[in-house]
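# Coordinate analysis (summary)
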Amino acid sequence: MRTDFALVLTAALLLDTFWRNNGEHASKGPCQAGFSQSFYSVLISRDVLQGHGILKDTTVSSQKVKFDDCMGNEAVVFQSSDPIFSVRTDGSIFARGEGASLDEPVQFKLTASGPHTHVWVTVVQLALIDPPSPQQNENEVTKEEGKVAERKERKEAFQAPPPVIMFSRSGLNSSKGLRRQKRDWVIPPINVAENSRGPFPQMLVSIRSDQDQDISIRYSITGVGADQPPNEVFNIDPVLGKMFVTKPLDREHRSSYHLRAHAVDMNGNQVENPIDLYIFVIDMNDNRPEFKNQVYNGSVDEGSKPGTYVMHLSAFDADDNTTANGMVRYRILSQTPHSPIPNMFTINSETGDIVTVAPGLDREKVSQYTIIVQATDMEGNLNFGLSNTATAIITVTDINDNPPMLTSRTFSGEVPENRVDIVVANLTVIDADQPHSPNWNAIYRIISGDPSGHFTIRTDPVSNDGMVTVVKPVDFEMNRAFMLTVVVSNQAHLASGIQSSLQSTAGVTISVQDVNEPPYFPTNPKHIRFEEGVPAGTSLTTFSASDPDRLQMQQTIRYSKLNDPADWLSINRTNGQIVTTAMLDRESVYVKNNIYEATFLATDNGSPAASGTGTLQIYLIDINDNPPALIPKESQICERMNRNVNGVNITAADADTDPNAGPFVFELPNFPTSIRRNWTISRISGDYARLGLRYQVYLEPGVYEVPVIVSDSGNPPLSNRSVIKVKVCPCDENGDCTTLGAVAAAGLGTGAIISILICIIILLSMVLLFVVWIKRREKERQTKQLLIDPEDDVRDNILKYDEEGGGEEDQDYDLSQLQQPDSLEHIISKPPGVRRVDERPIIPESQYPIRPVVPHPGDIGDFIHEGLRAADNDPTAPPYDSLLVFDYEGSGSTAGSVSSLNSSSTGDQDYDYLNDWGPRFKKLADMYGGGDDD
């Protein structure tokens, strides 16, 4: 057991050294959140034991647990599964309880968590370097053996035979009573290199129980890789306890395995507690770095200082990044072009960041660089590492380091007076910066020479030229020329340290060209006020115009009428005096809101002639020149006063306005006298009155024309005699005219109404009779027979052969003798002899084509010929010279044949009565009644 413990301790020391080296390498690579190792084996000196235990809060070892969440480890908390030992935030291991002892190795799970959602887990094992003497426990190794194991070299450890893992003993001791259960030995992980070439199966470790000397034990393993998918990666010899790996392992597919070893007796009873086996796959450099993209794009401003960040490249290596196999280093292989120097950029070998190393970036000279970057693992060792390449395209972005410069110091142009939105001068500029960018786009400003704002300079978006444009009309009589000072700049500010050029400023001379300007009316529109009704020939005003061309020879202005809707005005051609040609009427349709508007034209005699327009607005003051008109023109009223409480409300309309309109006065005329005797008017308001029948006055239903005199309030007032047509009619209880009453009121008497109703009833009756006659005619047409002679009907030409019977004497016979017998035995049993011609022969009937029962009328000839052809070919038909049977009712008869009877009469019989039967029996009478001849 001591030898076994020494081997285990030696393996732990080697594993600790291996992980420590890997941790140092990992610290140099890119940050990856988590613990630096998945298993920590910490060896503790016995000096930390104070007497028989470790004091509280004592740091047990200088070795620390390394953890990095790549966020500064802020608010990171470690949680230990052991109640005695834990880890501080700095990674140091300490005892958080008094009297902690390490008589046996201690293993606990350590969890790291923080503000992020991810949780990391590792395993920490604590063990003393010099364990106690064997007298303390029979399963512990001696101090000297521990020191020997500590002094072993790594090479010897790896070349040593596979270690033997023993099941720890714990539980009850029957001889000494109940003993304290000791902690199980923590088995160090088993390391297996990936991609091993074998031979397989390859032995890894031997598992053994110290009870195998007394009883037969069978060993087994369980877990992923043994009895769980992927199955049979590991197996164990059930008798010897040797565990093997059966195939090459791939760390990139699975980096570790957790198995459990079991020991049972031959009856399957557990003899040892299961032990945990951790198998770690040792990484090999079998994956080369891979860039996410083959081409990366970056940019940097021109003129950037050395050390300016440009872009970042990263390559991923599937190998273990805590070892050199997965540690990638970068370097630049080439740069194109080499201007101004071949090494304008460098790359951080660990992070992949590309920065500038030299000044001189100028977009106007080199606008783009192409760099080939190589990524190599094994920390960049070109002899052992695997490499891959990618392309980085660096675009030099433009800055405003070139101010715009005008191509000339002076520019000139001409502009006609009174013109706007025309370009009078074109300013050209050059700029070396990137075209159509803010560093190239030019902005022009007029800094002097145009205080009134007649001009502006717009930039041509294509050529970047400045277009001097007139935005406010210029007057030759006021300014004959303009001297402008123009400065040009970029849309973006100049870069730091760049001064504007003297060529950014220029002078622009604009000459104003004189043109013949049209006359203008100083007051436009011109307002005047006049009363309507002004007679023709009245002078209203003088509407004159002025000529702005004061510096030229005095010009003559002539006036004319441009628009006069009502043709009420005229204008003097020389002085512009306006005179009426007709009476002005405020109520005309050409007057809007009491204003009449006319337009006049003033034309000079310049070359070419110019003209201007002026508008005259005449406000017409109303006078009382329109009498009021009665409203409404028609109405209706009940024939009795008690049925017409409200009467008819009347008002008036006046084309004039206040005070020449309402209030109105409504009166009934004195003549004819019946008007005032039957009607009355009562005032409701200034504009409304009520017309009604006088009390107890009854009028026949009809239409009455009632004259009413309406007067306005003008000075003097105007009156108008208007007539309102009132329909007097009988009313119902609601005061509404009835239908009969409305008709009567329309002027029709009772007789006329009755006549109209009778005509309507007669008309409806005629329509009904006509409909009935049409229906009957249609029904007769459907049921009526053909209107032809029955003897001429072709359908009667078909003869009927099934008529039997003669006179009355033939009606008394037994019909049963003519029926079809039930059997043909009496016919078959008849003796051979001559048959009657009227008896149907007994032979198989031939099959004939089925003839239609009712032939088509157009095929009568075909039907007859077909029947004839069928009769000629019928073998059962009798000869033509024999008697024909036209109505055959079956073969065989119970009455027998009368032709076979022999006459039994021997005496004379008188047949003279046959002569009395008519001509049809004359032949029989001659045959049998021939006594006279004898």
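Residues numbered from 1 in each chain as written. Predicted model: local features only at pLDDT ≥ 70, side-chain atom pairs only at ≥ 80, totals over all residues. Heavy atoms only, no water.

## Comments concerning the overall build of the protein
Within the protein, the secondary structure is distributed over nine helices and 50 strands. Looking at the protein as a whole, 35% of its 934 residues qualify as buried. Contacts in the protein between residues at least 24 apart in sequence constitute 66% of all its contacts with a sequence separation of at least 6. Of the accessible surface of the protein, which amounts to about 56500 Å², a share of 52% is contributed by carbon and sulfur atoms. (Helix = DSSP H or I, 4+ residues; strand = E, 2+ residues; numbered from the N terminus. Buried < 20%, exposed > 50% of the residue type's maximum accessible area, 1.4 Å probe, protein only. Contact = heavy atoms within 4.5 Å. Areas by Shrake-Rupley, 256 points an atom, 1.4 Å probe, with all protein chains shown as cover.)

## Quick look at unusual backbone geometry
Backbone geometry follows two general trends: most residues other than glycine have a negative phi, and most peptide bonds adopt the trans configuration. For the bond from Ser339 to Pro340, the omega torsion is -5°, close enough to zero to count as cis. With respect to the element layout, Pro340 can be found in the loop between strand S22 (329-336) and strand S23 (345-347). Phi angles above zero are rare outside glycine, and Met378 is one such case at about 55°. Its place among the elements puts Met378 in the loop between strand S25 (368-376) and strand S26 (387-397). Its identity as a non-glycine residue notwithstanding, Asn593 has a phi of 55°, on the positive side. Examined against the element boundaries, Asn593 turns out to sit in the loop between strand S40 (577-580) and strand S41 (595-604).

## A closer look at the sheet that holds strand S37 (residues 539-542)
The strand order across the open sheet built from three strands is S37-S40-S39, with neighbouring strands paired in antiparallel fashion. Edge strands, defined here as strands with exactly one partner in the open sheet, are S37 and strand S39 (569-571). Along the sheet, successive strands turn relative to each other by an average axial angle of 20°, direction set aside. Alignment of S39 against S40, held across three bridges, turns out to be antiparallel. When the sheet's bridge partners are listed, Leu569 is paired in S40 with Thr580. (Pairing = 2+ DSSP bridges. Axes fitted to C-alpha atoms, helices over the stretch in contact; angles between N-to-C directions.)

## Comments concerning the nonpolar core
Formed by 27 residues in total, the largest nonpolar core has its most connected members in Ile207, Phe234, Met243 and Leu277. Breaking this core down by element, the ones donating at least two residues are strand S11 (190-193), strand S12 (202-208), strand S13 (217-223), strand S14 (234-236), strand S15 (242-245), strand S16 (256-265) and strand S17 (275-282). Excluding residues within four positions of it along the chain, Phe234 makes contact with Leu204, Ile221, Gly225, Ala226, Phe244, Val245, Thr246, Leu249, Tyr257, Leu259 and Ile279. Core analysis: the next-biggest nonpolar cluster, separate from the first, contains 25 residues, Val65, Phe78, Ala100 and Val124 among them. (Core = buried A, V, L, I, M, F, W, Y, C linked by side-chain atoms within 4.5 Å.)

## So, the sheet that holds strand S46 (residues 665-667)
Taken in spatial order, the four strands of this open sheet run S44-S50-S49-S46, and their pairing is mixed. What marks the edges here is a single partner per strand, and that holds for strand S44 (634-638) and S46. Taking each pair of neighbouring strands and ignoring which way they run, the sheet shows an average axis angle of 40°.

## Let's talk about the state of the cysteines
Inspection of every chain in the model, using the stated rule, returns one disulfide. Across a sulfur-sulfur distance of 1.9 Å, Cys638 and Cys731 are joined as a disulfide pair. Where Cys638 bonds to Cys731 through sulfur, the torsion about that S-S bond is close to -110°, and the disulfide is left-handed. With Cys638 in strand S44 and Cys731 in the loop between strand S50 (719-729) and helix H5 (739-745), this residue pair connects regions lying 93 residues apart in the sequence. Across the pair, exposure class does not vary: Cys638 and Cys731 are buried alike. (Disulfide = S-S within 2.5 Å.)

## Some thoughts on the pattern of salt bridges
Under the definition given, this model contains twelve salt bridges. In this structure, the salt-bridge partner of Asp212 is Arg208, at a minimum N-O distance of 3.1 Å. By relative accessible area, Arg208 is classed as partly exposed at 27%. Residue Asp276 pairs with Arg260 through a salt bridge whose shortest N-O separation is 3.0 Å. (Salt bridge = Lys/Arg side-chain N within 4 Å of Asp/Glu carboxyl O.)

## Things to note about the environment of Ile446
Following the sequence through the fold, Ile446 ends up in strand S31 (residues 442-448). A relative accessible area of 26% places Ile446 in the partly exposed class. For the pair Ile446 and Val508, spaced 62 residues apart in the sequence, the C-alpha separation amounts to 9.5 Å. Not counting residues within four places of it along the chain, the set of residues in contact with Ile446 comprises Phe455, Thr456, Ile457, Leu484, Thr485 and Val486.

## Considering the confidence of the model for the protein
In regions of low pLDDT, the predicted coordinates are not meant to be interpreted in detail. On average, residues of the protein score 78 in pLDDT, and 75% of them reach the 70 mark or higher. Throughout residues 1-28 the model reports pLDDT below 50, and contacts reaching past four residues in sequence, or to other chains, amount to 59 contacts. Between residues 170-185, whose pLDDT stays under 50, and residues either more than four places distant or in other chains, the model counts 22 contacts. (pLDDT = per-residue confidence, 0-100.)

## Concerning the side chain of Asp377
You can see Asp377 is positioned in the loop between S25 and S26. Buried charge without a salt bridge: Asp377, with Arg288 as the nearest opposite-charge side chain at an N-O distance of 7.5 Å. Here Leu386 takes part through its backbone nitrogen, which lies 2.5 Å from a polar atom of the side chain of Asp377. Beyond its immediate chain neighbours, meaning those up to four positions away, Asp377 contacts Asn285, Asn287, Arg288, Pro289, Asp317, Asp319, Ala324, Asn325, Met327, Val328, Gly385 and Leu386. (Lys, Arg positive; Asp, Glu negative; His and termini not counted. Polar contact = N/O pair within 3.5 Å; in protein donor to acceptor, adjacent residues only side chain to side chain.)

## Focus: the environment of Thr111
Mapped onto the secondary structure, Thr111 falls in strand S8 (residues 106-113). Taking the relative accessible area as the measure of exposure, Thr111 reaches 16% and is therefore buried. Separated by 34 residues in the primary sequence, Thr111 and Val77 have C-alpha atoms spaced 8.1 Å apart. Residues within four places of Thr111 in sequence aside, it is in contact with Val77, Phe78, Gln79, Val119, Trp120 and Val121.

## Section: the pairing of strand S9 (residues 120-128)
Within S9, eight of the nine residues are buried, leaving the element largely enclosed by the surrounding structure. When strand S2 (residues 39-44) meets S9, the two strands line up parallel, connected through six bridges. Its bridge partner lying in S9, Phe39 is registered against Val123. Where S8 and S9 come together, seven bridges link them in antiparallel fashion. Within S9, the residue paired with Leu110 across the bridge is Thr122.

## Quick word on a nonpolar patch on the surface
On the surface, a nonpolar cluster with roughly 590 Å² of combined accessible area is contributed by Leu763, Val767, Phe770, Val771, Trp773 and Ile774. In this fold, Leu763 is placed in helix H6 (residues 750-783). Here Leu763 falls in the exposed class, since its relative accessible area comes to 53%. (Patch = residues over 30% accessible without salt bridge, like charges linked within 9 Å, V, L, I, M, F, W, Y side chains within 5 Å.)

## Remarks on the packing of aromatic side chains
In this structure the tally under the stated criterion is 15 aromatic pairs. Seen from their ring centres, Phe291 and Tyr330 are 6.4 Å apart, and the 50° between their planes marks the pair as tilted. Taken as a pair, Phe291 in strand S18 (residues 290-291) and Tyr330 in strand S22 lie far apart in primary sequence, 39 residues in all. Each member of the pair, Phe291 as well as Tyr330, is classed as buried. Look at Phe543 and Phe600: their rings are 6.2 Å apart centre to centre, the planes differ by 85°, and that puts the pair in the edge-to-face class. One end of the pair, Phe543, is in the loop between S37 and strand S38 (557-563); the other, Phe600, is in strand S41, and 57 residues separate them in sequence. With relative accessibility at 2%, the residue Phe543 sits in the buried group. Classification of Phe600 as buried rests on a relative accessible area of 0%. Members of the aromatic cluster, connected to one another through ring pairs, are Phe35, Phe67, Phe78 and Trp120. (Phe/Tyr/Trp six-rings, centres within 6.5 Å; stacked < 30°, edge-to-face > 60°.)

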